[in-house]
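# What the coordinates show
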Amino acid sequence: MTGTQDRAGRLRAAALALLLVATQAPLLAACAAQPSQLEQGRALRTGRQPYDELFQATRELREASLKAEELAGAGQAELARALGLDPRSGGDATLEATRARAAKLRASGVRLRVELVPEARLVSARGGRSLDEDDRKLIEALEASLKSSVAASKQLGELSRRAAELEKMRASLAATSAEALAGDPRRREVKRELEAAERVLAEASALAERHAGRASKLALDLVLALDTVAGPARRGAPAQRPPPRRPAGSAKAPPQRGSTAGDAPKPPPPPSHDGDDFDP
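If you're wondering where the values come from, they're calculated on a predicted model, not measured in any experiment. (Residues numbered from 1 in each chain as written. Predicted model: local features only at pLDDT ≥ 70, side-chain atom pairs only at ≥ 80, totals over all residues. Heavy atoms only, no water.)

In this section: the nonpolar core. The biggest cluster of nonpolar side chains holds 26 residues, and the ones touching the most others in it are Tyr51, Phe55, Leu61, Val190 and Leu194. Top contributing element to this core by residue count: helix 6 (residues 187–230), with nine residues. Those residues in contact with Phe55 that lie beyond four places of it in its chain are Leu38, Ala43, Leu44, Thr46, Val190, Glu193 and Leu194. Among the nonpolar cores identified, the runner-up in size contains 22 residues, and Leu83, Val110, Ala120 and Leu142 belong to it. (Core = buried A, V, L, I, M, F, W, Y, C linked by side-chain atoms within 4.5 Å. Buried < 20%, exposed > 50% of the residue type's maximum accessible area, 1.4 Å probe, protein only. Helix = DSSP H or I, 4+ residues; strand = E, 2+ residues; numbered from the N terminus. Contact = heavy atoms within 4.5 Å.)

So, on to the pattern of salt bridges. For the structure on display, the rule yields 15 salt bridges. Arg162 is the salt-bridge partner of Glu165, the closest N and O atoms lying 3.5 Å from each other. Highlighted residues: Glu165 and Arg162, both in helix 5 (residues 133–180), separated by three residues, approximately one helical turn. On the basis of relative accessibility, which here comes to 45%, the residue Glu165 falls in the partly exposed class. Looking at Arg162, the relative accessible area reads 35%, which means it is partly exposed. A salt bridge links Arg192 to Glu193; the shortest N-O distance between them is 3.8 Å. Classification of Arg192 by relative accessible area gives partly exposed; the value is 26%. Three or more residues are tied together by salt bridges with common partners; here these are Arg113, Glu115 and Arg121. (Salt bridge = Lys/Arg side-chain N within 4 Å of Asp/Glu carboxyl O.)

Below, the discussion takes up a negative patch on the surface. On the surface, a cluster of negative charge is made up of Asp132, Glu133, Asp134 and Glu140. Among the secondary structure elements, Asp132 is positioned in the loop between strand 2 (121–125) and helix 5. On the accessibility criterion, Asp132 (40% relative accessible area) is partly exposed. (Patch = residues over 30% accessible without salt bridge, like charges linked within 9 Å, V, L, I, M, F, W, Y side chains within 5 Å. Areas by Shrake-Rupley, 256 points an atom, 1.4 Å probe, with all protein chains shown as cover. Lys, Arg positive; Asp, Glu negative; His and termini not counted. Charge placed at Lys NZ, Arg CZ, Asp CG, Glu CD.)

Below, the discussion takes up the packing of helix 3 (residues 68–82) against helix 5. Here helix 3 crosses helix 5 at 175°, and the two axes come no closer than 9 Å. The angle between helix 3 and helix 5 places the two elements in the roughly antiparallel class. Residue-level contacts link Ala68, Leu71, Ala72, Ala74, Gly75, Gln76, Leu79 and Ala82 of helix 3 to Ala141, Leu142, Ser145, Ser148, Ser149, Ala152, Gln155 and Leu156 of helix 5. (Axes fitted to C-alpha atoms, helices over the stretch in contact; angles between N-to-C directions. Parallel < 35°, antiparallel > 145°, perpendicular 65-115°, else oblique.)

Take helix 5 next. For helix 5, which comprises 48 residues, the first-to-last C-alpha distance of 67 Å matches the rise-based estimate of 70 Å (1.5 Å per residue) to within 8%. Of all the bends in helix 5, the greatest, near 35°, is centred on Ala174. The backbone nitrogen of Asp134 has a side-chain oxygen 3.2 Å away, supplied by the residue at the start of helix 5, namely Asp132. (Expected span 1.5 Å × (residues − 1). Bend = angle between axes of the 7 residues up to and from the residue. Polar contact = N/O pair within 3.5 Å; in protein donor to acceptor, adjacent residues only side chain to side chain.)

Once that is clear, we can look at the environment of Lys154. Note that Lys154 resides in helix 5. Residue classification places Lys154 among the exposed residues on the basis of a relative accessible area of 60%.

Let's shift gears to the environment of Arg42. Examined against the element boundaries, Arg42 turns out to sit in the loop between helix 1 (2–33) and helix 2 (49–65). With 18 residues separating them along the chain, Arg42 and Glu60 place their C-alpha atoms 9.3 Å apart.

Mapping Ser36 onto the fold places it in the loop between helix 1 and helix 2. By relative accessible area, Ser36 is classed as buried at 2%. Apart from the residues lying within four places of it in its own chain, the contact partners of Ser36 are Arg192, Glu193 and Ala196.

Let's shift gears to helix 4 (residues 91–107). Between its terminal C-alpha atoms helix 4 stretches 24 Å, which fits the 24 Å expected from 17 residues at 1.5 Å a residue. When helix 4 is considered as a whole, its buried residues turn out to be Thr94, Leu95, Ala97, Thr98, Ala102 and Leu105. With its buried residues spanning 160° around the axis, helix 4 presents them on a single face. Of the exposed residues in helix 4, the ones pointing more than 90 degrees away from its buried face are Asp92, Lys104 and Ala107. Taken from the residues just after helix 4, Gly109 is the one with a positive phi, measuring 100°. (Arc of directions from axis to C-beta.)

Turning next to the confidence of the model for the protein chain. Caution applies to low-pLDDT parts of the model: their predicted coordinates are not meant to be read in detail. When pLDDT is averaged along the protein chain, the result is 77; 67% of the residues meet or exceed 70. The spread of mean pLDDT over the elements of the protein chain runs between strand 3 (residues 278–279), the lowest at 44, and helix 2, the highest at 96. Scored below 50 in pLDDT, residues 25–31 makes zero contacts in the model with residues more than four places away or belonging to other chains. Contacts for the low-pLDDT stretch residues 247–255, under 50 throughout, to residues beyond four places or in other chains number zero contacts. (pLDDT = per-residue confidence, 0-100.)

Next comes the structure, spelled out in structure tokens:
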């Protein structure tokens, strides 16, 4: 009987321990899984300037990075609409339609040229004919897409650089926080937010870099698409050269006495290039 009672007692103790664990488990899990304020889109207020500055700047950068995809895709979406495509069309479809429309313009006597400095813009050479309304709308859409993509690439690149600056600031504060916050009742909360800031900044930087590359690629693809059709160097066309100059002293008749060098025949000026009229 004693053995039976002992076993029963042990079973009751084990059941009680399991019951205690079961009742406490949700609370422990909630404490362990509680997200930081930064990861919820908020900034912790500590009353201490360097920490509050870091947390607020990190929150703002996180919000900006969440809009990176939309920012990088704005130029492609607007161009797709101008070309009569679904704004959600892929970049390849948009570029293929761009090449086709640029080829059509060239066939009708309109050439396009991309300039990236001092700012991105598209200029047209009319080749002796006026641009109609559809031509102008297309050229405006191409230029707007180019400008949007270049601007997005720069803006997102700046976000990535800002993330690197904030990470240096965060690492410095984290290294000294134990001493600087000794005795502060919020020390553990600040430590948790500093750890969260590292993750938030890394994620924001990765997003910004990825979509900056996407915007930059679209701008480059647009330049190549247009230059492939009507580049300023006229690829594949034979270069026009001025007539060769006669060697000195090869005039048909010897110079007359008393004549000057200015009386010698001069070579004709090189011909103009097709009379193109480039306009912004």
